[in-house]
Amino acid sequence: MHTIEIPVRYAETDMMGIVYHSNYLVYLELARTELIQSLGLNYKEMEDAGYVSPVTNVNLDYKRSLTYGDTAVVTVWIDHYDGLRTIYGYTVKHPDGKLAVSAKTTHVVVKKENFRPIRLPKVFPNWHDIYEKMSETDATLLTEA
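Here the structure is a predicted model, which is why all the values come from computation and not from measurement. (Residues numbered from 1 in each chain as written. Predicted model: local features only at pLDDT ≥ 70, side-chain atom pairs only at ≥ 80, totals over all residues. Heavy atoms only, no water.)

**Focus: a nonpolar patch on the surface**
Using the following cut-off: Patch membership requires over 30% relative accessible area and the absence of a salt bridge. Like charges are linked within 9 Å, and nonpolar side chains (Val, Leu, Ile, Met, Phe, Trp, Tyr) within 5 Å. Each accessible area is a Shrake-Rupley result for a 1.4 Å probe, and residues are judged covered by the shown protein chains and nothing else. Salt bridges, as used here, are contacts in which a Lys or Arg side-chain nitrogen is within 4 Å of a carboxyl oxygen on Asp or Glu. Strands here mean DSSP runs of E at least two residues long; helices mean DSSP runs of H or I at least four residues long; both are numbered from the N terminus.
The grouping of L25, V55 and V58 at the surface amounts to a nonpolar patch, some 210 Å² of accessible area in total. Looking at the element boundaries, V58 is found in strand β3 (residues 55-62).

Okay, here's the thing in structure tokens:
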């Protein structure tokens, strides 16, 4: 699991002063990319090798609003990994722990040239080893929570 704090900026809010729904996707991406870096992996190296990891599904469940001046506390973990798909789980909370949003995003790694999915163990065995270990560790932590 990895947690970051993001100050809610005025430009991210709507006329009611509430974080506009699509901006939560940016918060999720910031947390996910920091998780990847914290694991010692480099997404840019994957891109340079001719691969990308598009989002194939997003699910956001809004519980409570964040507003300008709040701090979003975003936690991300590997919810599921099977060698082809990675599902990241997220919570976005207020600093007092109240849940604002829960979310999941699904990703696959594809060749840039044709967008055909690849199996991570074959092309990026280091990512596979780390993701396999992290998905087991995160599942244990979530069960204990």
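There's more to say after this.
**Digging into the pairing of strand β5 (residues 85-93)**
Condition: Here the term buried applies to any residue with accessible area under 20% of the maximum for its type, exposed to any over 50%, and partly exposed to those in between, with areas from a 1.4 Å probe on protein chains only. A pair of strands is labelled paired if DSSP reports no fewer than 2 bridges between them.
Where burial is concerned, most of β5 is hidden: seven out of the nine residues are buried. Taken together, the eight bridges between strand β4 (residues 71-81) and β5 define a ladder with antiparallel strand orientation. Opposite V74, over in β5, you have V92 as the bridge partner. Counted between consecutive antiparallel strands, the loop separating β4 from β5 contains three residues, among which G83 sits at a positive phi close to 95 degrees. Inspection of the sheet shows β5 paired to strand β6 (residues 99-108) by nine bridges, in the antiparallel sense. In the sheet register, I87 faces β6, and the bridge partner there is T106.

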